[in-house]
Amino acid sequence: MSEISVELPWGAWYRDELHRLQLPGHWEVDVLAPAGGTACTPQDIQAAIAAPIDSPPLMELAAGKTSACIVIDDMSRPTRTAMILPPLLEQLRQAGIADSAVSIVMATGSHGNVPAEDIAKKVGPEIAATYCVECHDCRGDLAPTGIPYGDRELRVNRTFFEAELKLGISSILPHSFAGFSGGAKLVLPGLTDVQATARSHKFVQLGLRGGADPDRNKFRSEAEQLARTLGMEFIVCVVSNQQRDPSHVFAGDIVAAHRAACHAAPGVFSTELRRDYDCLILNAYPKDNDLIQAENVFIALKTAKSPTVGDDGVIVITTAASEGVGQHGLFEPGGLSYRPPQPKRFLKNRELWLYAPTVTTQNARALYWEGYPVFQRPEELTAALNQRFPQPTRCGVFPCAPMQQVSDARGAVMGVAV
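Trainee: Explanation requested: the sheet that holds strand 13 (residues 246-252) in the structure shown.
Mentor: Paired through backbone hydrogen bonds, the strands of a sheet run either parallel or antiparallel to each other. Spatial strand order, 6-5-4-9-12-13: six strands in an open sheet with mixed pairing. Two strands lie at the open edges of the sheet, namely strand 6 (132-135) and strand 13, each paired on one side alone. In this sheet, adjacent strand axes meet at a mean angle of 20 degrees when their direction is disregarded. Bridge count between strand 5 (residues 102-106) and strand 6: four bridges; the pairing is parallel. From the neighbouring strand, Ile104 faces strand 6, where its bridge partner is Val133. The strands touched by helix 1 (residues 42-50) within the sheet are strand 12 (232-240) and strand 13, with strand 13 carrying the most contacts at an inclination of about 20 degrees. This element, helix 3 (residues 81-94), spans strand 4 (68-72), strand 5, strand 9 (165-171), strand 12 and strand 13 of the sheet and lies at about 160 degrees to strand 9.

Written out as structure tokens, the structure reads:
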């Protein structure tokens, strides 16, 4: 029987290759790619940093300072930080801050430690060898800030807290809690203790905060207020295309630059949807580093006007899961917010399948309900899909689901989409 070949981007930071899946030949398959954007040149990046939004120039902010900390996001974000750091470091150097007085801190939040070789991928091997680069430890030696946070004092990364100049580089992606990622989230939860991270997430999980509009998102406004109080003065926000190249770069004030990036992001992430499907394949790239991050594939469907897949359809999550199950102080087994896996209520009668070649079924059960099939071999997935849908079937493929936003052309009434 003939088959249809689909190539998925695969293994962000680890392989960045195309992974081939074979789908049944009698299917109608639509690859629903995002609009994308042209990659910025080094000159474009320099120009954005040299023309900050609602902020004095970086060299002016750095004048008279003797130390600086640059906060960057971690491997769960697509930002090619090595392209952004050189012009920032040059401006700090010209302002009189010695290289030895500049620290780079990877804001991992509660995601766990990052090996030195992976940090070098993020910042570039030369910068990793020249500058002090550290990975935040949410349970390590953190600085008391004197800032009340709930019923306790907020504690943050000591290197960041003690630096005279604080700035950051962050990626803008759709985010289920904060509207969009990046910006002040580098600080909260990126640089705080695990208890603060849990508190910041709790109210969204209870349905009391969140929302797609970053200007009305209380989770975000709280992070921005704390970041300002802690002295973060300058940020670079990056909108990446599906190849993880920076497509838009905005620099300046931590709120104004972030909002400019949020405004530009839908033009890159927009994905046109013109019909409904029997089967959806949601690929986790560029957040396919682990199984915990793969949950972000559902973000792709939250902007649809109505259900995208039929009531008795199948949704397949595909992920490289290069790091396996992954680490997350909240949502991993034993984490502060971990709950034993249950059927996902928002899916209703729809089936959920998982294709993760690097994760055993036993390990996947730590996060996914036992009623959801798990596949490691592509031919097994193909055979199961063939058996499940022997009739003509419409299949939609989201190749970069965590960064895709549906531009719905079906004319359906606004509703809850899955």
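Trainee: Explain the packing of aromatic side chains to me, please; I cannot follow it from the model alone.
Mentor: What describes a pair of aromatic rings is the distance from one ring centre to the other and the angle between the planes of the rings. Enumeration over the complete set of coordinates arrives at five aromatic pairs. Centre to centre, the rings of Trp27 and Phe389 are 5.7 Å apart; their planes meet at 85 degrees, and the pair counts as edge-to-face. In this pair, Trp27 is assigned in strand 3 (residues 27-31) and Phe389 in the loop between helix 11 (378-388) and strand 19 (393-398), connecting sequence segments 362 residues apart. Judged by relative accessible area, which is 5%, Trp27 ranks as buried. On the basis of relative accessibility, which here comes to 3%, the residue Phe389 falls in the buried class. Between the aromatic rings of Trp353 and Phe375, the centroid separation amounts to 5.3 Å while the plane-to-plane angle is 40 degrees, which identifies the pairing as tilted. Residue Trp353 is found in strand 17 (residues 351-355), and its partner Phe375 is found in strand 18 (residues 374-375); the two are separated by 22 residues along the sequence. Under the relative-accessibility criterion, Trp353 is labelled buried at 5%.

Trainee: Looking at this structure, how should I read unusual backbone geometry?
Mentor: Residues apart from glycine generally show negative phi values, whereas peptide bonds are mostly found in trans. With an omega of 15 degrees, the peptide bond running from Leu188 to Pro189 counts as cis. In this fold, Pro189 is placed in the loop between strand 11 (179-180) and helix 7 (194-205). Of note, the bond from Tyr285 into Pro286 is cis; its omega dihedral lies within 30 degrees of zero at 5 degrees. One can find Pro286 in the loop between strand 15 (277-283) and strand 16 (309-318). Residue Asp54 is not a glycine yet carries a positive backbone phi of 50 degrees. Structurally, Asp54 can be placed in the loop between helix 1 and helix 2 (58-62). A residue is classified by how much of its surface remains accessible, and Asp54, at 66% relative accessible area, is exposed. Despite not being glycine, Arg244 shows a phi value in the positive range, around 70 degrees. By the element assignment, Arg244 lies in the loop between strand 12 and strand 13.

Trainee: Honestly, the side chain of Thr393 in this entry has me stumped. Any pointers?
Mentor: Within the secondary structure layout, Thr393 lies in strand 19. Polar contacts involving the side chain of Thr393 include one to the main-chain carbonyl oxygen of Gln391, which spans 2.8 Å. Beyond its immediate stretch of four places on either side in the chain, Thr393 contacts His26, Trp27, Glu28 and Asp278.

Trainee: Is there a simple way to think about the nonpolar core in this case?
Mentor: Of all hydrophobic cores here, the largest spans 74 residues; its most connected members are Ile70, Ile84, Leu88, Leu92, Phe160, Leu165 and Val236. Excluding residues within four positions of it along the chain, Val236 makes contact with Ile49, Ile84, Leu88, Gly168, Ile169, Ser170, Val249, Phe250 and Ala251. Core analysis: the second largest hydrophobic core is formed by 32 residues, Val309, Ile315, Ala321 and Val406 among them.

Trainee: Explain the packing of helix 1 against helix 3 to me, please; I cannot follow it from the model alone.
Mentor: Angle between the axes and distance between the axes are the two parameters that describe a pair of packed helices. Their axes nearest at 9 Å, the elements helix 1 and helix 3 cross at an angle of 45 degrees. By the angle between their axes, helix 1 is oblique relative to helix 3. Crossing angle aside, the handedness with which helix 1 passes helix 3 is right-handed. Of helix 3, the residues touching helix 1 (which contributes Ile45, Gln46, Ile49 and Ala50) are Met83, Ile84, Pro87, Leu88 and Gln91. Here the residues of the contact of helix 1 with helix 3 sort into seven nonpolar, two polar and no charged.

Trainee: Can you walk me through helix 4 (residues 116-123) in this structure?
Mentor: Since there are 3.6 residues in each turn of an α-helix, residues three or four apart along the chain are aligned in direction. Among all positions in helix 4, only Asp118, Ile119, Ala120, Lys122 and Val123 are buried. In this structure, the buried residues of helix 4 make contact with strand 4, helix 3, strand 5, helix 5 (125-130) and strand 6. With its phi angle positive at about 95 degrees, Gly124 sits one or two positions after the end of helix 4.

Reading the values: the criteria
Residues numbered from 1 in each chain as written. Predicted model: local features only at pLDDT ≥ 70, side-chain atom pairs only at ≥ 80, totals over all residues. Heavy atoms only, no water. Pairing = 2+ DSSP bridges. Helix = DSSP H or I, 4+ residues; strand = E, 2+ residues; numbered from the N terminus. Axes fitted to C-alpha atoms, helices over the stretch in contact; angles between N-to-C directions. Contact = heavy atoms within 4.5 Å. Phe/Tyr/Trp six-rings, centres within 6.5 Å; stacked < 30°, edge-to-face > 60°. Buried < 20%, exposed > 50% of the residue type's maximum accessible area, 1.4 Å probe, protein only. Polar contact = N/O pair within 3.5 Å; in protein donor to acceptor, adjacent residues only side chain to side chain. Core = buried A, V, L, I, M, F, W, Y, C linked by side-chain atoms within 4.5 Å. Parallel < 35°, antiparallel > 145°, perpendicular 65-115°, else oblique. Left-handed = near helix turned anticlockwise from the far one by under 90°. Nonpolar A, V, L, I, M, F, W, Y, C, P; charged D, E, K, R; others polar.

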